[in-house]
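Observations on the three-dimensional arrangement
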Amino acid sequence: MTDLAGLASYAAFFLAFAGIFAVIVLGLNLHWGFTGLFNVGVAGFVAIGAYVSAILTTPDHPGQLGGFALPVVVGWLGAAAAAGLAGLIVGAATLRLRHDYLAIATFGIAIVIQLVALNAQWLTGGPFGLHFVPKPFEASLGAGLPFNAAYLALVVGVVLLVHAGLERLVRSPWGRVLRAIREDEVAAESLGKRIFAFRLQAFVIGSAIMGLGGALYAHFIGYIAPEDFLPILTFQLWTMLIVGGAGNNRGAILGAVVVWAVWAISGGALRAIMPPDAQTRGAALQVVLIGILLAAMLILRPRGLLGEETAISRHAAAREPEG
Amino acid sequence: MLTVRDIVKAFGGVRAVDGVGFVVAPGALVGLIGPNGAGKTTLFNCLSGALRPDSGTIELDGVPVQGLAPHRIFARGLARTFQIPRPFPEMSVLENVMLAAKDQAGESFWRNWISVGRVAAEERRNRARAMHWIDFVGLSDLAERPARVLSGGQRKLLELARVMTAEPKLVLLDEPAAGVAPRLLEQIIERIAELNRRGVTFLLIEHNLDMVMRLCGHVLVMAQGRLLTEGTPEAVRADPRVVEAYLGGVPA
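Residues numbered from 1 in each chain as written. Chains lettered and ligands numbered in written order. Predicted model: local features only at pLDDT ≥ 70, side-chain atom pairs only at ≥ 80, totals over all residues. Heavy atoms only, no water.

**Regarding the side chain of B:His71**
In this fold, B:His71 is placed in helix α2 (residues 70-75). Contact partners of B:His71, with chain neighbours within four places excluded, come to A:Glu189, A:Gly192, A:Lys193 and A:Arg194. (Helix = DSSP H or I, 4+ residues; strand = E, 2+ residues; numbered from the N terminus. Contact = heavy atoms within 4.5 Å.)

Given below as structure tokens:
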């Protein structure tokens, strides 16, 4: 019975994590899948969300900034707002430039954010991170399965909400302009669209969603540290999007679940196979495996598990009545 | 309709457009010809706002538009197509065309949340109008297909449908006949003539002189960034300087 409870607890833990990744990948999908914005600094926006929510909600602890002890939901909204603001600043500075500059800028900014998290001890706790990030319902329900299950429900709710919101947007004329910009920005501009304004809006909204994902992570684990937000995280999130199918929101969610499953299973398998003295090198193999998965996907199924649909606009569907 | 004076656009030391001026009358169908490298496409880019001219004025219906952003010039009723067509390849033909409609409320982020009914009604009208133009250029059977499956000629027709959805007053066509199969070429020529009869003004770059002679009442000839001559198609074709510009003497 305890085994069963442990298994259920692990399943809830696994799925909650997959859901958190799904939220972030949905944000990345708005950037890359729909607007063609090459953001390789996803981990930075996730980190901003995680730290902001942690600082806003954590009760007072000696040597740790904050003590605001605000409700968790305020932390989440603050996380989205802060990451969105970061997106606004980065986007305003870079989105008029060619694509490669956005990639360089976002990569650099993610590194800077990670280094700030590591060194600005007064703000982020430095290498020790921030502890005691409140876990919603844990006190009333109890740790383990009850908390994991309740948090999973919460995460699923957020995934559904973000998915519904994004679907409404990308299937609207607004989303149609984003896709046109992705396909050919010169043509979109010649057809009267204000490229910069649309790219900036998409960038801010996607960044805010990434920040929300970071907050979901912080409150699930209850502890965040700079090494949670290394560039490898960005790589994993990109793999999720490519595997699931860029330009398809359900694909983004599916990709998060599939790649996270591959990651978790391969981690367990490597731990079982590798001799104790080679365990750390085994962890590196996990990254290699994800890389192989990404490469295989790009060769065998470049559009991902669920490819993009041709007609996305809600009113351009095949049998839509006219008039 | 369009009054252009002394447009100059230089890239480094090369004056690609070197003091060009002309007038396009309302309802006209004006041809712009000249050898490769004459500066025709650069001139188009200046007119449509893709490039900012170094000097000179461009007036659209008496209002100066030189140096404005492309979306502002487009909003004033000047639309263009491209020498090498630029469809949105992964989008359906229908969505390619629907995109081009002007002043769409649904392109505002907020209106998709607060005026859902208005956006939906507008989209239904937009869809009907887009289907009308797709039908006009003969691509109805392909409306649901992604634009990447279209042939070169069909892509030109798609671009025509796309700009017409925006109901422009003046359309700049950059080589509508280039690389188009003969059967589609007839269709393109006939569609342009029909639109012109309905009152749309055209300025078109074209190397196919037969097409220019058939369509255009007035022809501008550019060579080496300058306006060499202009006049009726017959007069231009008989002008020895035009033959000279095309056949020799001038580096391409």
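Structure shown, so let's carry the discussion forward.
**Observations regarding the sheet that holds strand β4 (residues 55-60) of chain B**
Residue and element names in this part refer to chain B. Spatially, 4 strands are ordered β2-β1-β4-β5 in an open sheet, and the strand pairing comes out antiparallel. The open sheet has two edge strands with one neighbour each: β2 (14-24) and β5 (63-64). Relative to β5, β4 runs antiparallel, the two being bridged by 2 bridges. Within β5, the position partnered with Glu59 by the bridge is Pro64. Running over the sheet, helix α1 (residues 40-48) touches β1 (2-11), β2 and β4 and is turned about 115° from β1. (Pairing = 2+ DSSP bridges. Axes fitted to C-alpha atoms, helices over the stretch in contact; angles between N-to-C directions.)

**Comments concerning the nonpolar core**
Core analysis: the biggest nonpolar cluster contains 150 residues, and A:Leu30, A:Ile224, A:Phe229 and B:Ile192 have the highest contact counts within it. Among the elements that line this core, the one with the most residues is helix α10 (residues 195-221) of chain A, at 16 residues. Excluding residues that lie within four positions of it along the chain, A:Phe229 makes contacts with A:Ala43, A:Val46, A:Ala47, A:Ala50, A:Tyr51, A:Gln114, A:Tyr217 and A:Ile224. Core analysis: the second largest hydrophobic core is formed by 27 residues, B:Met1, B:Leu2, B:Ala38 and B:Ile205 among them. (Core = buried A, V, L, I, M, F, W, Y, C linked by side-chain atoms within 4.5 Å. Buried < 20%, exposed > 50% of the residue type's maximum accessible area, 1.4 Å probe, protein only.)

**Some thoughts on the side chain of B:Thr42**
Residues and elements named next belong to chain B. Among the structural elements, Thr42 can be located in helix α1. The class for Thr42 is buried, based on a relative accessible area of 15%. The contact partners of Thr42, leaving out residues within four places of it in the chain, are Lys9, Phe11, Ala16, Val17 and Leu51.

**Focus: the pattern of salt bridges**
By the definition in use, this model includes 26 salt bridges over all chains. Notably, a salt bridge pairs A:Glu185 with A:Arg199, separated by 3.9 Å at the nearest N-O pair. A residue pair is termed long-range when its members are at least 10 positions apart, and A:Glu185 in helix α9 (residues 185-190) and A:Arg199 in helix α10 qualify at 14 residues. A salt bridge links B:Arg15 to B:Asp18; the nearest nitrogen and oxygen atoms lie 2.9 Å apart. Look at B:Asp18 and you get buried, because its relative accessible area is 13%. Through salt bridges with shared partners, a single ionic network connects A:Arg179, A:Arg182, A:Glu183, A:Glu308 and B:Glu95. (Salt bridge = Lys/Arg side-chain N within 4 Å of Asp/Glu carboxyl O.)

**Some details on empty space enclosed by the protein**
Residues and elements named next belong to chain B. Inspection of the entire model under this criterion finds 3 cavities of 30 Å³ or more. By volume, the largest cavity amounts to about 90 Å³. The wall of the largest cavity is formed by Thr81, Phe82, Lys156, Leu157, Glu159, Leu160, Leu173, Asp174, Glu175, Pro176, Ile188 and Ile192. With 4 residues, helix α6 (residues 152-165) is the single largest residue contributor to the lining of the largest cavity. Its residues assigned to classes, the lining of the largest cavity comprises 7 nonpolar, 1 polar and 4 charged. (1 Å grid on protein atoms, 1.4 Å probe; cavity = no way out; pocket = protein on both sides within 12 Å on 5 of 7 lines; lining within 4 Å. Points joined across faces, edges and corners; volume = space filled by probe spheres on them. Nonpolar A, V, L, I, M, F, W, Y, C, P; charged D, E, K, R; others polar.)

**As for the interface of chain A and chain B**
Taken together, the contact pairs 39 residues of chain A with 40 residues of chain B. Summed over both partners, the interface of chain A with chain B buries about 3500 Å², with 60% contributed by carbon and sulfur atoms. Inspection of the chain A/chain B interface yields 5 salt bridges. Its salt-bridge partner being A:Arg176, residue B:Glu123 comes within 2.8 Å of it at the nearest N-O pair. Sorting the residues of the side of chain A that touches chain B by element identifies α7 (145-170), α8 (173-183), α9 and α10 of chain A as the ones contributing at least two each. In terms of residue count, the dominant contributor to the side of chain A that touches chain B is α8(A) (8 residues). When the residues that make up the side of chain A that touches chain B are grouped by side-chain class, the tally is 17 nonpolar, 9 polar and 13 charged. (Buried area = accessible area lost by both parts, 1.4 Å probe.)

**Describing the sheet that holds strand β3 (residues 29-33) of chain B**
Residues and elements named next belong to chain B. Read from one edge to the other, the open sheet built from 6 strands follows the order β6-β7-β8-β3-β9-β10, with strand pairing classed as mixed. Whereas interior strands pair on both sides, the edge strands pair on one side only; in this sheet they are β6 (78-80) and β10 (226-231). Looking at each pair of strands side by side, their axes are set apart by 20° on average, direction ignored. In the sheet, β3 pairs with strand β8 (residues 201-205) via 4 bridges, with the strands oriented parallel. Paired with Gly31 across the bridge in β8 is Leu204. Taken strand by strand, helix α7 (residues 182-197) contacts β3, β7 (170-174) and β8, and its axis lies near 150° from that of β8.

**Looking at the packing of aromatic side chains**
Counted under the stated rule, the structure contains 22 aromatic pairs over all chains. Here A:Tyr51 and A:Phe229 contribute two aromatic rings whose centre-to-centre distance is 5.9 Å and whose plane-to-plane angle is 55°, an arrangement assigned as tilted. Within this pair, whereas A:Tyr51 is found in helix α2 (residues 42-57), its partner A:Phe229 is found in the loop between α10 and α11 (231-244), the two being separated by 178 residues in sequence. Take A:Tyr51 and A:Phe229: they sit in the same class, and that class is buried. Here a set of aromatic residues connected by ring pairs shows up, and it is made of A:Tyr10, A:Phe13, A:Phe14, A:Phe17, A:Phe21, A:Tyr51, A:Phe147, A:Tyr151, A:Tyr217, A:Phe220, A:Phe229 and A:Trp260. Positioned over the ring face of B:Phe82 is B:Arg86, at 5.3 Å from the centre of the ring. (Phe/Tyr/Trp six-rings, centres within 6.5 Å; stacked < 30°, edge-to-face > 60°. Lys NZ or Arg CZ within 6 Å of the ring centre and 35° of its normal.)

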